[in-house]
Amino acid sequence: MIVMTSSAAPHLLPVFARADIGFERGEGVWLIATNGDRYLDFTSGVAVNALGHAHPALVKALQEQATKLWHMSNLFQSPDGEKLAARLCSESFADFVFFCNSGAEALEGVIKLVRHHHFSKGHPERYRIITFEGAFHGRTLATLAATGSAKYLEGFGPPMDGFDQVPHGDLEAVKKAIGPHTAGILIEPIQGEGGVRSAPSGFLKALRQLCDEKGLLLAFDEVQTGMGRTGDLFAHRRTGVTPDVMSLAKALGGGFPIGAILATADAAAGMGPGSHGSTFGGNPLAIAAANAVLDVMLKPGFFDHVQKMSLLLKQKLASVIDRHPDVVSEVRGEGLLIGIKAVVPSGDLVAALRNEKLLTVGAGDNVVRFLPPLIVTEAEIEDSVVRLERACTALSGNKRAAS
């Protein structure tokens, strides 16, 4: 979904179309390129750097941990990992947490847990999971099958069996897809890569009711929406709908790789020794970073600030749409997961913004995502809108010149 210019990197596998910019350091919401240019970072590493760059609490936590212990294996107890798990459980619906290294790995674990739940209850035939068009769950073979996008699946052989995809927001289609082999439903509270698309009003509650009636597990993919991105620690807390299992990653470590599976005791029934594992999951450095992220996010007023900045950004973006309807047409999203639907090709808008030294990221449905760090200030939001205005003016001029 990330539209960028091509740049040759002779020894890196060419699976990314990298922009012709290299960065050497970051400060808060700013990235400083190797040539000294400063860029306003409203990509946040694709919703990863929730506390910006070089946040002092994260730097301190990692520096201190680096002098103690880097790795010791999950064959032994992890007091700091238990502390982090307890904190995540106290802030959510969960009873248990499993730590891993990425969002895709967390989703792999969610898929395994949903299947194993029914196996442990004496129903091994229940292994299929309902997913939704426009979703993005990762790049492993299982998460690609759950995503269901033909362009991501092409060339990797037959998709892994076990997923039934239905139109996003179509409750009747969900009901028709449920059968004797259905184990659960997997959904993003807001589709990020799919174009910052929210489910219709009442849809998530209806899914919860269906799962309760049919004995299914409801799984939320909060890899992008979790850890404050929508204005609360987890998006499900804003919806009033409680899942049985949830994936986290991206902002959990504030930039340090870590993912997590959160689950109720009932959902995790049967997940005993040997049923799942990870060599690096719960690495002491990652745990230190994630505990530091929680220290910052759970301070009074943090999410009030996110919600205030969200409202300001939406208002400012709406005013740009009023002035440039030939370039942008709609504002979507919650918190600081904001999408602008473009009239011009979204890649053109991303490039024009990059020319103005504002970094954004594309998504499906011709949408450009604005994902600033959650610590963004009012002045920085004002700055971003000025840059957007200039980009829209340039694109409008290009359209007129071409006509």
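Thresholds applied
Residues numbered from 1 in each chain as written. Predicted model: local features only at pLDDT ≥ 70, side-chain atom pairs only at ≥ 80, totals over all residues. Heavy atoms only, no water. Helix = DSSP H or I, 4+ residues; strand = E, 2+ residues; numbered from the N terminus. Rg over C-alpha atoms; globule rule 2.2 N^0.38 Å. Buried < 20%, exposed > 50% of the residue type's maximum accessible area, 1.4 Å probe, protein only. Contact = heavy atoms within 4.5 Å. Areas by Shrake-Rupley, 256 points an atom, 1.4 Å probe, with all protein chains shown as cover. Lys, Arg positive; Asp, Glu negative; His and termini not counted. Charge placed at Lys NZ, Arg CZ, Asp CG, Glu CD. Axes fitted to C-alpha atoms, helices over the stretch in contact; angles between N-to-C directions. Parallel < 35°, antiparallel > 145°, perpendicular 65-115°, else oblique. Left-handed = near helix turned anticlockwise from the far one by under 90°. Nonpolar A, V, L, I, M, F, W, Y, C, P; charged D, E, K, R; others polar. Salt bridge = Lys/Arg side-chain N within 4 Å of Asp/Glu carboxyl O. Phe/Tyr/Trp six-rings, centres within 6.5 Å; stacked < 30°, edge-to-face > 60°. Lys NZ or Arg CZ within 6 Å of the ring centre and 35° of its normal.

A. Spatial organisation of the overall build of the chain. Regarding its fold elements, the chain presents 13 helices and 17 strands. Taking 403 residues into account, the globule formula puts the C-alpha radius of gyration at 22 Å, and the chain, at 21 Å, falls close to it. Judged by the C-alpha coordinates and their principal axes, the chain covers about 65 × 55 × 45 Å. Out of the 403 residues in the chain, the part that is buried amounts to 53%. Within the chain, counting contacts between residues at least 6 apart in sequence, those at least 24 apart form 72% of the total. Of the roughly 17,400 Å² of accessible surface on the chain, 56% is carried by carbon and sulfur atoms. In the chain, 38 positive and 42 negative side-chain charges are present, and the distance between their average locations comes to 2 Å.

B. Representation of the packing of helix α2 (residues 56-66) against helix α10 (residues 284-297) within the structure. At a closest axis distance of 9 Å, the pairing of α2 and α10 adopts a crossing angle of 150°. Looking at the two axes, α2 sits roughly antiparallel to α10. Helix-helix and strand crossings are classified by hand; for α2 and α10 the assignment is right-handed. Contact residues: Ala 57, Leu 58, Ala 61, Leu 62, Gln 65 and Ala 66 in α2; Pro 284, Leu 285, Ala 288, Ala 289, Ala 292, Val 293 and Val 296 in α10. A breakdown of the residues in the contact of α2 with α10 according to their chemical character gives 12 nonpolar, one polar and no charged.

C. A look at the pattern of salt bridges. In the structure shown here, the tally under the stated rule is 22 salt bridges. Because the salt bridges share partners, they merge into one network encompassing Glu 330, Arg 332, Lys 341 and Asp 365.

D. A look at the packing of aromatic side chains. Tallied over the full model, the rule gives five aromatic pairs. For the ring pair Phe 132 and Phe 203, a centre distance of 5.7 Å and an interplane angle of 80° mean the geometry is edge-to-face. With Phe 132 in strand β5 (residues 128-132) and Phe 203 in helix α8 (residues 203-214), this residue pair connects regions lying 71 residues apart in the sequence. On the basis of an interplanar angle of 90° and a centroid distance of 5.3 Å, the ring pair of Phe 302 and Phe 303 is categorised as edge-to-face. Phe 303 matches Phe 302 in its accessibility class, with the two residues each being buried. A cation over a ring is seen here: Arg 38 above Trp 30, with NZ or CZ 5.0 Å from the ring centre.

E. Here's a closer look at the packing of helix α3 (residues 79-90) against α10. Running from N to C, α3 and α10 point in directions that differ by 35°, and their axes come no closer than 9 Å. As for the relative orientation of α3 and α10, their crossing is left-handed in sense. On α10, the residues touching Asp 80, Gly 81, Lys 83, Leu 84, Arg 87 and Leu 88 of α3 are Ile 287, Ala 290, Asn 291, Leu 294 and Asp 295. Taken together, the residues that form the contact of α3 with α10 break down as five nonpolar, two polar and four charged.

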